[in-house]
Amino acid sequence: MTFKTLAKTVSTLAVASVIGAMATASMAAERTLKIQTSSNASHASLAYLNEEWVPKLEEMTGGSLGVELLPVDAVVPRRETAEAIGVGILDGDLTSINYFAGVDPAFALMGDLIAGYDSADQIQAFCAQGGGKEMLQKLFDAHFPGVHVVGCGAYAREAFVSKVPVRSVEDLQGLKIRSPEGLAADVFKRAGAAPVSMSGSETYGALEKGVIDAADNSAYANNDANGMHKIAKYPIFPGIHSTPILQFTISQQVYDELSEQERVALETWYLAAYNGLRQHFDRLDRQLVARDKAAGELEIIDWPQEERDKLRVIAQEAWSAFASQTELAQEVYDAHVAFMKEAGLL
């Protein structure tokens, strides 16, 4: 190789190196929002969002805005994200509304109207077009001022994890069930079970040690990813109880600092990401259920409609009881009922 050729090669490599460095720099958003989620690090939902949708926000904003999605309890305990957002420890959360049920029963009704909706689609419509997002903002304004609601929605009806066969409402009698605080726990208690409150990250160990018999835990695919079915051989699918609503909130100060284009992009990104997540999980759940039925190592239980109806009647008693506790709880209840009537669910 001549000196001239070598010099040309070195020059080309140098230019390529600069271009590569510029490209790498452009991949890092100018501002990255630190968001704590309610997902365990191993959850398929968190992996899907990180792989498929986190990069898209940077693309949508030309690199000016990004998000970092953190697992549950990564920075602060799961129930303290709202306070952490208020003081700037977190920029936002993508977490379960049910975590705040102890603050006001309105959060329990907002977070999961047990047995109320038939699908995650219906809940997303309630949040986006039925006044759900606005109702959630009202709750935060009352209890956690300085938190801005970007959106809310559901991506899957939860399956039920159990070490023993549960084929009817009667089989819930005396069962020790991991359950979120609030409405879900009340429904299980009314059905004769013994609800136990604990973080999702503690559920596997509690099942393994016999502290609990069953768990209101997560979507079938997440339970599969967490290894729940290795020790709990009697999952119920489709779920009998819970279609939890998750919130996406950020600091009002952070929201005010964003440009109008970034605000629109963030809201659009969230709606698109959760539609994608819902479709992904519906398909994935059904694929895994078909696989596990064929393998024959699990007994996947599907409750008959009459048993589901019995649980719904019990749940409706709990809805009414929670609604009577505070003015905001009654408002949330009324918002749900109004939407459900319009949608033909009641």
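Notes on the structure in this doc start here. None of the values given here were measured: they were computed from a predicted structure. (Residues numbered from 1 in each chain as written. Predicted model: local features only at pLDDT ≥ 70, side-chain atom pairs only at ≥ 80, totals over all residues. Heavy atoms only, no water.)

## Some thoughts on the layout of surface pockets
- Of the pockets and cavities examined, the largest pocket occupies roughly 280 Å³.
- Along the walls of the largest pocket sit 15 residues, with A120, A156, R157, D282 and R286 positioned nearest its centre.
- Among the elements of the structure, α5 (120–129) and α12 (260–295) are those that each provide at least two residues to the lining of the largest pocket.
- A total of 5 residues in the lining of the largest pocket trace back to one element, the largest contributor, which is α12.
- Considering only residue class, the lining of the largest pocket consists of 6 nonpolar, 2 polar and 7 charged.
- Taken as a whole, the second largest pocket holds about 160 Å³ of empty space.
- Around the second largest pocket sit N223, D224, G227, M228, H229, K230, K233, R291, D292, A295, E297 and L298, which together line it.
- Secondary structure elements with two or more residues in the lining of the second largest pocket: α9 (220–225), α10 (228–231) and α12.
- Each residue belonging to the lining of the second largest pocket can be placed in one class, and the counts come to 3 nonpolar, 3 polar and 6 charged. (1 Å grid on protein atoms, 1.4 Å probe; cavity = no way out; pocket = protein on both sides within 12 Å on 5 of 7 lines; lining within 4 Å. Points joined across faces, edges and corners; volume = space filled by probe spheres on them. Helix = DSSP H or I, 4+ residues; strand = E, 2+ residues; numbered from the N terminus. Nonpolar A, V, L, I, M, F, W, Y, C, P; charged D, E, K, R; others polar.)

## Remarks on the sheet that holds strand β4 (residues 147–153)
- With respect to topology, 5 strands assemble into an open sheet ordered β2-β1-β3-β9-β4, the strand pairing being mixed. Two strands bound the open sheet, and with one partner strand each, they are β2 (65–70) and β4. Across the sheet, the mean angle separating the axes of adjacent strands is 20° when strand polarity is ignored.
- Bridge count between strand β3 (residues 92–96) and strand β9 (residues 246–251): 5 bridges; the pairing is antiparallel. (Pairing = 2+ DSSP bridges. Axes fitted to C-alpha atoms, helices over the stretch in contact; angles between N-to-C directions.)

## Topic: α5
- Residues A120, I123, Q124, F126 and C127 constitute the buried set of α5. Mapping the buried residues of α5 onto a view down its axis gives an arc of 155°, with all of them on the same face.
- Residues of α5 that are buried in the fold lie against α4 (105–111), α6 (132–143), β4, α12 and α14 (327–342).
- Immediately downstream of α5, the backbone of G131 shows phi near 90°, a positive value. (Buried < 20%, exposed > 50% of the residue type's maximum accessible area, 1.4 Å probe, protein only. Arc of directions from axis to C-beta. Contact = heavy atoms within 4.5 Å.)

## Some thoughts on the pairing of strand β1 (residues 31–37)
- Where β1 meets β2, 6 bridges bridge the pair, whose relative direction is parallel. Across the sheet, the residue bridging to I35 is L69, located in β2.
- Across 3 bridges, β1 lies against β3 in parallel orientation. Note that in β3 the partner of Q36 across the bridge is D93.

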